[in-house]
Structures are given as structure tokens and as C-alpha cells.
Amino acid sequence: MTDTTQSAPSVDGAALLDEVEAFHRRFNVFPTEAAYVAVALWDAHAHLLDAFDSTPRLAFLSPEPGSGKSRALEIVETLVPQPMVAVNASAAALFRAVSGTEGRPTILFDEIDTVFGPKAGDNEELRGFLNAGHRRSGVTYRCVGDGSNQSVQPFPSYCAVAMAGLGSLPDTILTRSVIIRMRRRARNERVEPYRQRVHEKEGRALRDRLGKWADTVRATVEGAWPVMPEGITDRPADVWEPLLAVAEAAGGTWPERARAACVELVAAAAQDDEASLGIRLLTDLRDTVFCGADRMPTAAILECLNAMDDAPWVDMGGKPLTPRGLARLLSQYVTGANKPIKPRPIRTAAGAIPRGYYAEDLMDAWARYCPPPPAKSATSATAATPQVTGSESVAEELPGIRYTTAETATPAAADSPA
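**Focus: the overall build of the chain**
A tally of regular secondary structure across the chain gives 18 helices and 10 strands. Taking all 418 residues of the chain together, 44% fall into the buried category. Sequence separation of 24 or more characterises 70% of the internal contacts of the chain that already satisfy a separation of 6 or more.

**Some thoughts on the pairing of strand β6 (residues 161-166)**
With 5 of 6 residues buried, β6 lies mostly within the body of the structure. Here 5 bridges tie strand β1 (residues 57-62) to β6, and the two strands are oriented parallel to one another. Within β6, the position partnered with S62 by the bridge is L166. Direction of pairing for strand β3 (residues 106-109) relative to β6: parallel, over a ladder of 3 bridges. Across the sheet, the residue bridging to L108 is A162, located in β6.

**A short note on the packing of aromatic side chains**
Pairs of aromatic rings are described using the distance from one ring centre to the other and the angle between the two planes. One pass over the structure, following the stated rule, counts 6 aromatic pairs. With 5.8 Å between their ring centres and 25° between their planes, F30 and F60 make a pair best called stacked. Pair noted here: F30 is in the loop between α1 (13-27) and α2 (33-45) and F60 is in strand β1, with a separation of 30 residues, a long-range link. Residue F30 shares its accessibility class with F60, and that shared class is buried. Ring geometry for Y333 and Y369: centres 5.0 Å apart, planes at 70°, overall edge-to-face. Here Y333, found in the loop between α13 (323-330) and β9 (344-345), pairs with Y369, found in helix α14 (residues 359-369); they are 36 residues apart in sequence, far enough to count as distant.

**Examining α1**
Over its 15 residues, α1 runs 22 Å from end to end, which matches the ideal 21 Å to within 8%, given 1.5 Å per residue. Listing the buried residues of α1 in full gives G13, A14, L16, L17, V20, E21, F23, H24 and F27. Put simply, D12 is the residue that caps the front of α1, since its side-chain oxygen is 3.2 Å from the backbone nitrogen of A14.

**A short note on α14**
Spacing of three or four residues puts side chains on the same side of an α-helix, whose turn is 3.6 residues. For α14, the complete set of buried residues consists of A359, D361, L362, A365 and W366. On an axial view of α14, the arc spanned by its buried residues comes to 140°, and they lie on one face. Opposite the buried face of α14, at more than 90 degrees from it, the exposed residues are E360, A367 and R368. Packing partners of the buried residues in α14 comprise α11 (277-290), α13, β9 and β10 (355-358).

**Let's talk about unusual backbone geometry**
Although it is not a glycine, Q82 adopts a positive phi angle of roughly 45°. As for its position among the elements, Q82 is in the loop between α3 (69-79) and β2 (83-86). Even without a glycine there, the phi angle at N338 is positive, about 65°. Structurally, N338 can be placed in the loop between α13 and β9.

Scoring rules and cut-offs
- Position labels on residues start from 1 in each chain and follow its written sequence.
- Only residues with pLDDT of at least 70 get local features here, since the model is predicted, and only at 80 or more are side-chain atom pairs given and counted; chain-wide, interface and lining totals rely on the full set of residues.
- The basis for every side-chain value is the complete set of heavy atoms in the structure, and neither hydrogens nor water enter the calculation.
- Counting from the N terminus, the helices are DSSP H or I runs at least four residues long and the strands are E runs at least two residues long.
- Partly exposed residues are those whose accessible area sits between 20% and 50% of the maximum for their type, while under 20% is buried and over 50% is exposed, using a 1.4 Å probe and protein chains only.
- Contacts were defined at the residue level, with two residues in contact if any of their heavy atoms lie within 4.5 Å.
- We call two strands paired when DSSP finds no fewer than two bridges between them.
- Between the rings of Phe, Tyr and Trp (Trp by its six-membered ring), a pair exists once the centres lie within 6.5 Å; its type follows the angle of the planes, with under 30 degrees stacked, over 60 edge-to-face, and the other angles tilted.
- A helix is expected to span 1.5 Å multiplied by its residue count minus one.
- In protein, a polar contact means a hydrogen-donor-capable atom and an acceptor-capable atom, both N or O and within 3.5 Å, with residues adjacent in sequence counting only if both atoms are side-chain atoms; elsewhere, any N or O pair within 3.5 Å suffices.
- Along the arc lie the directions from the helix axis toward the C-beta atoms.

Structural data, given as C-alpha cells:
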């Protein structure tokens, strides 16, 4: 008996992703080519959510209004499965929507700055929901019932989330996100006007084709372990693994483009990252303040930090960094002996004993948290911080202090009592 059943025609995944990217380009001006690649892959990954252990958040952020964030989210809405536009939605509403019987939505959170901005409060419940939903195993626990007849019930939180807003986001959300730094269009940058009643149908047609293609590659993607670009590990690898898996399934030029976009956007996020003021402080102490010195008094450290033009230390909540603020930031880190970094007495040649910090206490934190140091400079700590000896106020407070570097320290200096 002849089998007359015809298999469904295969879908060219690479060509389909090309169309998705082209659809974004018609209406969105993204800051880099890497952004177009990342957003197209994110659109496709939303159709394959159950094939992954985690889902990256997509964050369109900008410093000013009118930068195309909401339009970018609007185009994404037409391309993802079961979009749910959320503005000022409560955590309770979201986790009930995600765990409902109607199917898992793709949450599109516009004006996210009204939720996490400086005037919005902490919104810990929503932050917890977004963080937990990054993982396939993520759940939110709530008490359900009336009065004393209540029970703890888990609500699944795993879902794809895209956000748009001004400024930044909480650290824990940023590290789980592909970040697109939007900007206003230049006069020579043109886009096609978006008309919802016309163009939404085109986007939904692409969405349906993405869904059908996803069904054909689901089994392949579920067992995929895409090779990460060199240097992409830990949380960035978690974020990009689903997107690289989609690119591998699509084929064509997408695997190469996806890895290039991954490296570029991860590097950009690291440069723009304001998530850890502590890491910035540790790095500035190592590269600008100590510069090889084995100890530095607090007053000298602050003089140097507050004189840095491109650093945040001169404006910490409207005031320069203080000894108390310095101690609070550094106490979050520990020495090699696993004790909090704290100021200690420093004996000077004149017999004064100001308080300050020792390089040996900072070494372990420098090695663990800071990026590789720049090329070694011959400049000593005393030359790098002229305000220590040239400033009258510091000179009066620290008479006769001697600064030693690793190259010039004598055994006696190294062993001097604290």
C-alpha cells in the first residue's frame, strides 16, 4: 500500500528570523546591530519557553522619554505568544495570570520606571516575582483560603517578560536581562509610521509562522547546549543560552551573529553597570588610590576619590563620600581571613595614628571582584595622590606620614605595628 501522506514542508528558520528582524527595522531604530539580533531571537525564544531552563528578561531602557521604548515593546507584542500588556500591574495579578488555566502569557511591562523608579518605592513583591520567573522552577508561594482555614499554595512564576522604562532597574533584574539602551532618533534616522490596524496583522502573521517553526525545532532545542563565546560565563551565560539555542536551530548566519551580539551586549552591560557601587569603589582604590602602596589613611583615600572627575564619589546623595560611607561600602566585602574589611590604625613616622585601610585587607576582594588591572604604571601612590601631601588640611591631620609601595617597602615598614 502506497503511503500518500505528505510531510509538512520544512520551514527555513534563518529566513524567518530575517523577516522578524526586518519587521523590527521598519518601525524601530535600535542603537546597534547587535540589538536587532538579540530582540529577534528573544521574540522567537518566547515560543519555545518550555524547552529552556531559564528565560532572559528583555529591557528597553533610556535616560529620556521619546526614545522609542514603547514602540519597541509594541512591535514585540505582535510577535510573541499570548501577549499581556501590563502597566502598574500588581504582583498578585501577574502570578495569577501566569498560573491560570488560559495558558502562560508573555508579559510586556511598559513604564517599568513607575514601578521601580526613585519615587515608586521598592515593590519587593513584584521584584521577587520577576526574579523567580526567570527560572523554569520558579514559584511564588501564597496563603489561600479564608480566616484560619488557609493553606500555602505555590503559583508558577516562569514566563517571558519584556520591559520598557526610563533610567535603570533593580540590580537583580538587570543581571537577568538583555539590555537595550535606547536613544532618541537622529534627524537622519527614518522609520515607517506604525499603524496598529494595518501592521498588527503583519506582525501576527509572523508570530503564527514563528509558532509553527518553533514546533518543528522544539525537540532539537530542548537538548541543546550551545557553546558560549569565550568569557561568557555564570549569569550572562544563563541569559544568553536560550537565545543562542534558537540561533543554532535557525542556522544560516544566525549562530555567528548571535555570538557576536552576545559578546557585544554583555560587554556593554558590564561597562554601563551601576549595579555594584562596591565593585567600582574597589577598582578605584586599587587602580587610582593605592597604586602599589601598602596602606592609606582614610582622609587621603577620600581626597583622592572625591577628586576623580569621572567617578560618583563627590556626589553621593548630594554630598561627597564620607568616612562613614566608605566604611559602610567596604564592610560588605571580606579580607582573605573572611573578616569584614574595616579601617585600622596606621602608625606614622611622626607618631600619629590615624585610621585607614591596608592593601593586604583588600587583596582578596580585588582578586575576586575587580576586572583585570590596567597596564602597570611606574607612578607611585605618593605621586598619584598629590593632594595627600599638597593639601594643607590633610598635611595638618597627618604630619610626617610615610607612604610605602610594594617595591620600596622595607621589612621594618611591612612589619610595623597596626
